[in-house]
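Structure at a glance
Below, each chain spelled out in residue letters.
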Amino acid sequence: MPLYRQRVAAGQIRPDPAQMAAVEKLQLLHMRLKNYNPSRGAKVSLGWLGFGRKAAKRDKPLTGLYLYGGVGRGKSMLMDLFFETAPIGRKRRVHFHAFMQEVHVGIHIARESGIRDPIQPVADEVSEGAVLLCFDEVQVTDITDAMILGRLFEALFERHVVVVATSNRHPDDLYKNGLNRDLFMPFINMLKERVDIHELDSQQDYRQDREEAGERVYFSPLGNAADKAMDAAWKAVSGGSEHPLTLSVHGRRVEIPRAAEEAGRASFAELCEKPLGPADFLAVAEAFDTFFLDRVPILSRAKNNEAKRFVTLIDALYEAKVRLYMSAAAEPERLYLEGEGAFEFQRTASRLAEMSSADWTRNDPSEH
Ligand SMILES: Nc1ncnc2c1ncn2[C@@H]1O[C@H](COP(=O)(O)OP(=O)(O)O)[C@@H](O)[C@H]1O
Ligand SMILES: [Mg+2]
């Protein structure tokens, strides 16, 4: 990808050998996409069908790349650079979580209209919309996702969709210890068979690097000082006038106790201790440019559901590039130290750190 080299040359990206290796893979995919005809699949797939195992290694059909590795290594950045310049009209970049939400809605609609295999119309619609799908943050924690992923991706690959994905985990570690995991194995095997699995093994966590002193947006520990600081920032942002706001999501009501212009405010208890789901949090992220989240406690096994909702909320706010003010019991990396989900939380902690950095809002929201 010339764009990577350009940005290195311009001093915007620090040269990184591990990233270069991934760039080469993406460059290869870029070249192959140039003459890609999705109605046939890649030309090379004929060779793959015809010449057995050895040929399969050399001439895999064009199905994609799965980039995995620790947080802040540049996976999303590389995928975005690739996506921007991918020589194909019908392309789509989407957060995996948001994509799965859509899939569930699609399956629901197909079922209602009496279609026996609802995966098929959903796969039709997805593949008509995009030949190249870029998924950010692939992770599987939900049993309903786990149960449909195998058939969904089989249907997508049958339609010659090309998939690029980022994840914190190797496919073998997806949905680890999940319920009925054996039913999920075909998905893992298909990924390994059809998609190039590449570890982005940078030595550097670039996200940590970006933390600089700036206007403070993260206040811990909890207490009077944190509350006061949140109130002062809220006053400056809201201009002193506010009202409660009700968002309506698929016919449900999500109450935001305080809203002003493009800013909203709620406490952890008001959002994460209620039975809200991903669609609700996406709606919150869409509704506001700036969000204030008060009094996030230490999360633990005992608060697993609350913690999951919190992670989903932060993902949604992060993806939508919302400016986040938050008061919390501890620094991001000490909010969740043990229990189911502690591993996934590393990513949330990293995102919270990035969202607290001075240049977070300088990012152009239209980029994503
Ligand atoms: N080589 C690099 N030089 C400078 N900044 C980088 C480099 N690689 C990544 N970054 C920045 O570090 C941050 C984290 O990268 P990101 O792609 O979000 O990581 P990941 O998706 O692996 O968690 C981003 O803001 C990104 O622009
Ligand atoms: Mg990422």
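What counts as what
Residues numbered from 1 in each chain as written. Chains lettered and ligands numbered in written order. Predicted model: local features only at pLDDT ≥ 70, side-chain atom pairs only at ≥ 80, totals over all residues. Heavy atoms only, no water. Helix = DSSP H or I, 4+ residues; strand = E, 2+ residues; numbered from the N terminus. Buried < 20%, exposed > 50% of the residue type's maximum accessible area, 1.4 Å probe, protein only. Contact = heavy atoms within 4.5 Å. Expected span 1.5 Å × (residues − 1). Bend = angle between axes of the 7 residues up to and from the residue. Pairing = 2+ DSSP bridges. Axes fitted to C-alpha atoms, helices over the stretch in contact; angles between N-to-C directions. pLDDT = per-residue confidence, 0-100. Core = buried A, V, L, I, M, F, W, Y, C linked by side-chain atoms within 4.5 Å. Parallel < 35°, antiparallel > 145°, perpendicular 65-115°, else oblique. Left-handed = near helix turned anticlockwise from the far one by under 90°. Nonpolar A, V, L, I, M, F, W, Y, C, P; charged D, E, K, R; others polar. Salt bridge = Lys/Arg side-chain N within 4 Å of Asp/Glu carboxyl O.

Of regular secondary structure, the protein possesses 15 helices and 11 strands. Counting the 368 residues in the protein, one finds 51% classified as buried. The contacts in the protein between residues at least 6 apart in sequence include a share of 79% that link residues at least 24 apart.

For the rest of this paragraph, the subject is helix α8 (residues 143-158). The terminal C-alpha atoms of α8, which comprises 16 residues, lie 24 Å apart, in line with the 22 Å expected from a rise of 1.5 Å per residue. Maximum bend of α8: about 40 degrees, positioned at L149. Among the residues making up α8, those that are buried are D145, A146, I148, L149, G150, L152, F153, A155, L156 and F157. Where α8 terminates, the next one or two residues include H160, which has phi positive at roughly 60 degrees.

Pairing in this open sheet of five strands is parallel, and the strands run β2-β3-β4-β1-β5 from one edge to the other. Both outer strands of the open sheet, β2 (91-95) and β5 (196-199), are each paired with one neighbouring strand and no more. Within this sheet the neighbouring strands show an average axis-to-axis angle of 15 degrees, counted without direction. Here five bridges tie strand β1 (residues 64-68) to strand β4 (residues 162-167), and the two strands are oriented parallel to one another. Residue pairing for β4: Y66 is matched across the bridge by A165. This element, helix α2 (residues 17-34), spans β1, β3 (132-136), β4 and β5 of the sheet and lies at about 160 degrees to β1.

Here we take up the confidence of the model for the protein. Mean pLDDT over the protein works out to 87, with 88% of the residues at or above the 70 mark. Within the model, pLDDT remains below 50 along residues 210-214, and this stretch shows 10 contacts once partners closer than five positions in the same chain are excluded. Long-range and interchain partners of residues 363-368, a stretch whose pLDDT sits below 50, account for seven contacts in this model, where long-range means more than four residues apart.

The next subject is the nonpolar core. Side chains of nonpolar character tend, in soluble globular proteins, to be buried together. Within the largest apolar cluster, 42 residues are counted, with the highest numbers of intra-cluster contacts made by L271, F291, F310, M326 and L335. Sorting the residues of this core by element identifies β7 (243-249), β8 (252-260), α12 (268-272), α13 (278-287), β10 (290-296), α14 (304-319), β11 (323-328) and α15 (342-355) as the ones contributing at least two each. Tallying contributions element by element places α14 first for this core, with eight residues. Ignoring any residue separated from it by four or fewer positions in sequence, one finds L271 in contact with I256, A266, L276, F281, F291, L293, R309 and L313.

With that settled, the discussion passes to the sheet that holds β8. Pairing in this open sheet of six strands is mixed, and the strands run β6-β11-β10-β9-β8-β7 from one edge to the other. In this open sheet, the two edge strands, each paired with only one partner strand, are β6 (218-219) and β7. The pairing of β7 with β8 spans six bridges and is classified as antiparallel. Bridge pairing in β8 places T246 opposite E255.

To continue, consider the packing of helix α6 (residues 96-112) against α13. Between α6 and α13, the shortest axis-to-axis distance is 10 Å and the interhelical angle comes to 120 degrees. Relative to α13, α6 is oriented oblique. For the crossing formed where α6 meets α13, the hand is left-handed. Contacts between α6 and α13 pair H97, A98 and Q101 from the former with P278, A279 and L282 from the latter. Grouping the constituent residues of the contact of α6 with α13 by class yields four nonpolar, two polar and no charged.

Tracing the backbone through its elements, the reader meets N304 in helix α14. Spatially, the C-alpha atoms of N304 and G341 are 7.8 Å apart, while their sequence positions differ by 37 residues.

Taking burial as the measure, the 11 residues of helix α5 (residues 75-85) include eight buried ones, the bulk of the element. Buried residues of α5: K75, S76, L78, M79, D80, L81, F82 and F83, and no others.

This model, assessed by the stated rule, comprises 22 salt bridges. Across the salt bridge formed by D172 and K192, the nearest N and O atoms sit 2.7 Å from each other. Placement of the pair is D172 in the loop between β4 and α9 (185-194) and K192 in helix α9, with a sequence separation of 20 residues. In this structure, R351 and D315 form a salt bridge, with 2.9 Å as the shortest nitrogen-oxygen distance. Here R351, found in helix α15, pairs with D315, found in helix α14; they are 36 residues apart in sequence, far enough to count as distant. Judged by relative accessible area, D315 falls into the buried class, the value being 5%. Here the salt bridges share partners, and the residues they tie into one network are D80, R93, D136, E137, D315, E319, R347 and R351.

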